[in-house]
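Observations on chain architecture
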Amino acid sequence: MTPLVELVGAGYAYEDGPAVLSGVDFGIAPGRALVLLGRNGSGKTTLMRLLSGGLRPGSGGLRLDGEVVAYDRTGLTRLRTSVQLVVQDPDDQLFAASVEQDVSFGPMNLGLAAPEVRERVDAALAALDITALRDRPTHLLSYGQRKRAAIAGAVAMAPRVLILDEPTAGLDPDGQERLLDVLAGLRQAGTTVVMATHDVDLAVRWADDAAVLTPTGIRTGPATALLSDPDLLASAGLRQAWSPAVTAFLRAKGLLDEDAPGPRVPEALAAWR
């Protein structure tokens with residue numbers, strides 16, 4: 001399966017600094033929920049900006065649908081209509097006077113006709129459940145509303161890949177669940193969603209695939225299996241997820257039947273009396 005977007009042998013170093021990423025081969029498969037995890041400074045943000053065209057690899061390259069991306073106006077427009085990045089702090093992304101103006105900015109810059117811009121804005125607002133906030137000044141939105149407005153601006157670009165940097169950070173539990181419901185709806189509509197997070201429990205629950213950034217490189221694989229590896233998580237500065245940790249504990253105590261889908265509950269209860 002050809003990745004939608006793919007870094008090939010990519011490296012990047014900020015000015016006067018060491019390489020943040022080096023020799024990275026990393027792709028995003030269509031239709032999958034992918035989670036990125038790693039300690040602060042591991043290169044997650046750099047990776048996301050390389051994938052979305054915000055940064056240009058210092059070495060190697062970026063491919064879209066198997067074709068090398070050209071970093072000219074035509075190439076970047078093609079990339080950004082396919083891949084959109086939503087940064088962690090919505091205040092770094094929202095700038096227009098009202099929600100509608102902000103969400104319409106991207107489609108208008110594509111030179112789309114007014115009816116199509118309106119259709120995209122309506123669809124994005126509905127997808128994020130903020131239609132009632134259409135005329136609301138962005139500075140009067142709650143934090144959760146600003147998060148959804150920022151995502152709506154990306155969704156209005158009709159991307160095939162939506163990359164979210166810590167989208168649940170700062171949200172209360174209800175806000176997190178509402179956002180996850182929104183992401184589920186976007187996936188059902190055909191958008192491939194990538195999420196960077198430090199929340200390993202969320203990653204195990206939400207993702208199909210995982211990419212863990214460690215000091216020695218990027219490990220990728222099915223989320224459940226990869227995020228059940230305590231040594232890998234420790235190398236990335238992450239704590240083990242609750243569910244795999246409990247499973248490992250029950251197995252170590254002989255309370256988990258390998259041939260059954262769950263623990264032998266009566267024995268487990270008796271052990272804790």
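What comes next concerns the included structure.

Some points on helix H6 (residues 173–188)
In a regular helix each residue adds 1.5 Å, so 16 residues correspond to 22 Å; H6 covers 23 Å between its end C-alpha atoms and thus fits that length. Within the span of H6, buried status applies to Gly175, Leu179, Leu180, Val182, Leu183 and Leu186. Buried residues in H6, looked at end-on, bunch into an arc of 155°, giving them a common side. Facing away from the buried side of H6, by more than 90 degrees, are the exposed residues Pro173, Asp174, Asp181 and Gln188. Residues of H6 that are buried sit in contact with helix H4 (114–127), helix H5 (143–155), strand S7 (161–165), strand S8 (192–196) and helix H7 (200–206). At the C-terminal side of H6, Gly190 shows a positive phi close to 110°.

A closer look at the sheet that holds strand S1 (residues 5–13)
If you walk across this open sheet you meet the four strands as S2-S1-S4-S5, and the pairing is antiparallel. Edge strands, defined here as strands with exactly one partner in the open sheet, are strand S2 (19–28) and strand S5 (67–68). As defined by bridge partners, S1 adjoins S2 across six bridges and the pair is classed as antiparallel. Across the sheet, the residue bridging to Glu6 is Gly27, located in S2.

Quick word on the environment of Val99
Looking at the element boundaries, Val99 is found in helix H3 (residues 99–109). Considered as a pair, Val99 and Ile130 are 31 residues apart in the sequence and their alpha carbons are 9.0 Å apart. Sequence-distant contacts of Val99, that is, excluding residues within four places in its chain, are made with Leu125, Ile130, Leu133, Arg134, Arg136, Thr138, Leu141 and Ala149.

A word on the sheet that holds strand S6 (residues 83–86)
Across the sheet, which stays open at both edges, the six strands sit in the order S6-S7-S8-S3-S9-S10 with mixed pairing between neighbours. A strand with exactly one partner marks an edge of an open sheet, and here the two such strands are S6 and strand S10 (217–222). Each strand axis lies, on average, 15° off the axis of its neighbour in the sheet, ignoring direction. Two elements, strand S3 (residues 33–37) and S8, share four bridges in a ladder whose sense is parallel. Considered in S8, the bridge of Leu34 is made with Val194.

Cut-offs applied
- Residues numbered from 1 in each chain as written.
- Predicted model: local features only at pLDDT ≥ 70, side-chain atom pairs only at ≥ 80, totals over all residues.
- Heavy atoms only, no water.
- Helix = DSSP H or I, 4+ residues; strand = E, 2+ residues; numbered from the N terminus.
- Expected span 1.5 Å × (residues − 1).
- Buried < 20%, exposed > 50% of the residue type's maximum accessible area, 1.4 Å probe, protein only.
- Arc of directions from axis to C-beta.
- Contact = heavy atoms within 4.5 Å.
- Pairing = 2+ DSSP bridges.
- Axes fitted to C-alpha atoms, helices over the stretch in contact; angles between N-to-C directions.

No statement about biological role is implied by the geometric values presented.
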